[in-house]
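Each chain is listed here by its residues.
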Amino acid sequence: MKAIRVKKPGGLDQLMLSTQEPGKPGPGEVLVRVHASSLNYHDYLVAVGHLPVEDGRIPLSDGAGEVLEVGEGVTEFSAGDAVVSLFFQNRVDGNPRGFDHAFSSGDGVDGFACQLACVPATAVTKAPKNLNAQQAATLPCAGLTAWRALMVNGPVEPGQTVLVQGTGGVSLFALQFAKAAGARVIATSSSEEKLERLRALGVDAVINYREHPEWSRKVKALNDGRGVDHVVEVGGAGTLEQSIHACEDGGHIAMIGVLAGFTGQVPTHAIMAKQLRVQGVIVGNRVQQQAMIRAIETHNIQPVLDKTFPLEALAEAFRYQESGRHFGKILVDAG
């Protein structure tokens, strides 16, 4: 089989193509033929060496394909089943306990930048029946993060208003889940072209944050003078202050990303005065992924896809991700 491996000290020029014979699934394991993967910011940090991993690690947390063989004791899956990976291979249910680096796909354990993966049966779930492998490969990190942020931790209710930032994978999934739940959605971006594409996806109102640096005021102007009920916060310290001001009293901020900075001033008085709930989110568990998949099937939600790269061009795919030109998920075809 073909696989891409990260060679120390990391860097896109250190992503090496290798070949090896696949292992046989042991007790409790499944052998998966990987058809597609997708890129996330976490994968990029691994690839460039900002998140150090074991030499020779296979990156990419997201993968989708079909089961080729099951090991002894596996009853949930059969050969031919379409499956999708789980970001945290050991997180079946219950509340998270920090960042389980040791069991995160493409980080503490091998991921899915490969053609064959032998993994615990609990490290995959059935894929949505309404999606192909490329579409399903977008779900384990970005999709589940958005699902947990809004539908588990929120939870979003019909008639509420949700603010999403930018056009990354988490934000676009959050948009789709919020609309399926009957919520109103406001989105921010600095690109007029991307704002138009957001409108086409059903966003109710858009804000160019370069034209409106204090965009929390614009949020209220677009929402009948009220703040929003939920914010999917992907910027971090650089945008958190505006997110706090954009919230209605009793609102909820899902802290997901740090794209605009790791540290900064936080108006704690506003959090207290508005009685806001600010909650960190690092993906989710297997039970939550299965619930998300049922919702995707019920509402026929279609992930937003951008470009597809062959497995051998993974470094090129990451460089495209670096450019920020993409809208939706960048895919990798395992071949």
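(A) Up close: empty space enclosed by the protein. One pass over the structure, following the stated rule, counts one cavity of 30 Å³ or more. Around the largest cavity, the lining residues are Gly169, Leu172, Phe173, Gln176, Val304, Gly328 and Lys329. Looking at the lining of the largest cavity element by element, the count peaks at four residues for helix α4 (residues 169-180). In the lining of the largest cavity, the residues fall into three nonpolar, three polar and one charged.

(B) Fine view of the packing of helix α3 (residues 139-152) against helix α9 (residues 286-299). For the pair α3 and α9, the least separation of the axes is 10 Å and the interaxial angle reads 90 degrees. Classified by the angle their axes make, α3 and α9 are roughly perpendicular. Each of Leu139, Pro140, Gly143, Leu144, Trp147, Arg148 and Val152 in α3 lies in contact with α9, whose residues at this interface are Gln288, Gln289, Ala291, Met292, Ala295 and Ile296. Taken together, the residues that form the contact of α3 with α9 break down as nine nonpolar, three polar and one charged.

(C) The packing of α3 against α4, seen in detail. Where α3 contacts α4, the two axes come as close as 8 Å, and the packing angle between them is 50 degrees. Judged by the inter-axis angle, α3 sits oblique to α4. As α3 packs across α4, the resulting crossing turns out to be right-handed. Across from Leu139, Ala142, Gly143, Thr145, Ala146, Trp147, Leu150 and Met151 in α3, the residues of α4 making contact are Gly169, Val170, Phe173, Ala174, Phe177 and Ala178. Looking at the contact of α3 with α4, its residues break down into 11 nonpolar, three polar and no charged.

(D) Quick peek at the packing of aromatic side chains. Throughout the structure, instances matching the rule amount to six aromatic pairs. Judged by centre distance (4.8 Å) and plane angle (80 degrees), the ring pair of Phe87 and Phe88 falls under edge-to-face. Looking at Phe88, the relative accessible area reads 0%, which means it is buried. Ring geometry for Phe173 and Phe177: centres 5.9 Å apart, planes at 25 degrees, overall stacked. One end of the pair, Phe173, and the other, Phe177, are both in helix α4, four residues apart, so they sit about a helical turn from each other. Like Phe177, Phe173 is buried. Counting every residue linked through ring pairs, the aromatic cluster contains Tyr41, Tyr44 and Phe318. Lying over the aromatic face of Tyr320, Lys307 brings its terminal NZ or CZ to 5.0 Å of the ring centre.

(E) Representation of the layout of surface pockets in the model. Size it by volume and the second largest pocket reaches roughly 260 Å³. Considering the residues around the second largest pocket, the lining is formed by 20 residues, among which Asp110, Leu116, Ala117, Cys118 and Val119 are closest to the centre. Tallying contributions element by element places strand β6 (residues 116-120) first for the lining of the second largest pocket, with five residues. Here the lining of the second largest pocket is composed, by residue class, of 12 nonpolar, five polar and three charged.

What counts as what
Residues numbered from 1 in each chain as written. Predicted model: local features only at pLDDT ≥ 70, side-chain atom pairs only at ≥ 80, totals over all residues. Heavy atoms only, no water. 1 Å grid on protein atoms, 1.4 Å probe; cavity = no way out; pocket = protein on both sides within 12 Å on 5 of 7 lines; lining within 4 Å. Points joined across faces, edges and corners; volume = space filled by probe spheres on them. Helix = DSSP H or I, 4+ residues; strand = E, 2+ residues; numbered from the N terminus. Nonpolar A, V, L, I, M, F, W, Y, C, P; charged D, E, K, R; others polar. Axes fitted to C-alpha atoms, helices over the stretch in contact; angles between N-to-C directions. Parallel < 35°, antiparallel > 145°, perpendicular 65-115°, else oblique. Contact = heavy atoms within 4.5 Å. Left-handed = near helix turned anticlockwise from the far one by under 90°. Phe/Tyr/Trp six-rings, centres within 6.5 Å; stacked < 30°, edge-to-face > 60°. Buried < 20%, exposed > 50% of the residue type's maximum accessible area, 1.4 Å probe, protein only. Lys NZ or Arg CZ within 6 Å of the ring centre and 35° of its normal.

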